[in-house]
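Residue-level structural notes
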Amino acid sequence: MVSFFNSLFPDQDGLPAFSREDTGNRLEELMQQSALTQRYPRLEVCGVETTDMPREVYFKILIVPGGGEGKPHNVMKCYKQLVEFHSAVVSECPSTWLPQLPTATPDMELTDRGFLLRLGDYLECIACNVELRWSAPVQSFFHLSNEYQESEASPPYAAASDVGSSVDRSCT
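Residues numbered from 1 in each chain as written. Predicted model: local features only at pLDDT ≥ 70, side-chain atom pairs only at ≥ 80, totals over all residues. Heavy atoms only, no water.

1. Some thoughts on the overall build of the protein
Check the secondary structure of the protein and you find 8 helices and 4 strands. Counting helices and strands in the order they occur from the N terminus, the protein gives α-α-α-β-β-β-α-α-α-α-α-β. Looking at the 172 residues of the protein, the share that counts as buried comes to 33%. Accessible surface for the protein amounts to roughly 11000 Å². Of this, 55% is attributable to carbon and sulfur atoms. (Helix = DSSP H or I, 4+ residues; strand = E, 2+ residues; numbered from the N terminus. Buried < 20%, exposed > 50% of the residue type's maximum accessible area, 1.4 Å probe, protein only. Areas by Shrake-Rupley, 256 points an atom, 1.4 Å probe, with all protein chains shown as cover.)

2. Some remarks on helix α5 (residues 113-128)
The terminal C-alpha atoms of α5, which comprises 16 residues, lie 23 Å apart, in line with the 22 Å expected from a rise of 1.5 Å per residue. Among all positions in α5, only Phe115, Leu119, Gly120, Tyr122, Leu123, Ile126 and Ala127 are buried. The buried residues of α5 occupy an angular sector of 160° when projected down its axis, which confines them to one face. Seen from the open side of α5, the exposed residues pointing more than 90 degrees away from its buried face are Arg113 and Leu117. On its buried face, α5 sits against β1 (42-51), β2 (56-64), α4 (79-92), α6 (130-133) and α7 (136-141). (Expected span 1.5 Å × (residues − 1). Arc of directions from axis to C-beta. Contact = heavy atoms within 4.5 Å.)

3. Things to note about the pattern of salt bridges
As enumerated under the stated definition, the model contains 1 salt bridge in all. The salt bridge involving arginine 42 is made with glutamate 44; its shortest N-O contact spans 3.0 Å. Its relative accessible area of 34% is what places glutamate 44 among the partly exposed residues. (Salt bridge = Lys/Arg side-chain N within 4 Å of Asp/Glu carboxyl O.)

4. Structural notes on the nonpolar core
Phe59, Phe85, Leu119, Leu123, Ile126 and Phe142 are the most contacted members of the largest nonpolar core, which has 26 residues in total. If you list the elements that add at least two residues to this core, you get β1, β2, α4, α5 and α7. (Core = buried A, V, L, I, M, F, W, Y, C linked by side-chain atoms within 4.5 Å.)

5. What to know about the environment of proline 137
Along the chain, proline 137 turns up in helix α7. Distance from proline 137 to valine 90, taken between C-alpha atoms, is 9.7 Å for residues 47 residues apart in sequence.

6. Focus: the pairing of β1
The pairing of β1 with β2 spans 9 bridges and is classified as antiparallel. Among the inter-strand pairings, threonine 50 is bridged to a residue of β2, identified as valine 57. The turn joining β1 and β2, which pair antiparallel and follow one another in sequence, is formed by 4 residues. (Pairing = 2+ DSSP bridges.)

7. Describing unusual backbone geometry
In this chain, methionine 53 is followed by proline 54 through a cis amide linkage whose omega measures -10°. By the element assignment, proline 54 lies in the loop between β1 and β2. Located in the positive-phi region is histidine 143, a residue other than glycine, with phi close to 55°. Looking at where histidine 143 falls in the secondary structure, it is placed in the loop between α7 and α8 (146-151). Classification of histidine 143 by relative accessible area gives buried; the value is 14%.

8. Quick word on a nonpolar patch on the surface
A surface patch of nonpolar side chains, amounting to about 310 Å² of accessible area, comprises Tyr40, Val130 and Trp134. Here tryptophan 134 lies in the loop between α6 and α7. (Patch = residues over 30% accessible without salt bridge, like charges linked within 9 Å, V, L, I, M, F, W, Y side chains within 5 Å.)

9. A short note on the confidence of the model for the protein
Looking at the protein as a whole, the pLDDT averages 75, with 62% of positions reaching at least 70. Summarising per-element confidence for the protein, the mean pLDDT is lowest in helix α1 (residues 4-8) (40) and highest in α4 (96). In this model residues 1-23 is a low-confidence stretch, pLDDT under 50, and it forms 14 contacts with partners more than four residues away in sequence or in other chains. Considering only residues more than four positions removed or in separate chains, one finds that residues 154-162, a stretch of pLDDT under 50, has 2 contacts. (pLDDT = per-residue confidence, 0-100.)

10. Re the packing of α4 against α5
As a packed pair, α4 and α5 sit with axes 14 Å apart at the nearest point and diverge in direction by 35°. Once α4 is placed against α5, the crossing between them reads as left-handed. On α5, the residues touching Tyr79, Leu82, Phe85 and His86 of α4 are Phe115, Leu119, Tyr122 and Ile126. Along the lines of polarity and charge, the residues of the contact of α4 with α5 split into 7 nonpolar, 1 polar and no charged. (Axes fitted to C-alpha atoms, helices over the stretch in contact; angles between N-to-C directions. Left-handed = near helix turned anticlockwise from the far one by under 90°. Nonpolar A, V, L, I, M, F, W, Y, C, P; charged D, E, K, R; others polar.)

Now the structure itself:
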């Protein structure tokens, strides 16, 4: 049993006593969690780009299809497109619970960290909902359809770690 003192003050190797004893089990647990989460797609805000003329904010969204069903890629979408997407999902799946799309407020702009975190939570909820994930608006908006995946096949000289990117500048 690990004492409270040993858990707070590491021994000479720099690791608390409980982490030295339980390293194998924790690693196995993390690998199992990773295997479970790989079944679901990941939608993640990984950047923001602003333009001056006209003033627009674009969100760079990383899409990692679940279950090895496609190549990771990025899409760039503005807030207007997110609003249109949200409306399309609500009309296509009216009986499915959908989180509210975050909105900018006078004290929180679209580029603020708090807004980006809320947008990330919104995207995560969509990715984890099976009914939403397979809906036409989600497949189209995030370029998850088979047609898109096939049309974006990488050329033979592309590195395996390259991530495709798609920018839709139709916000104005």
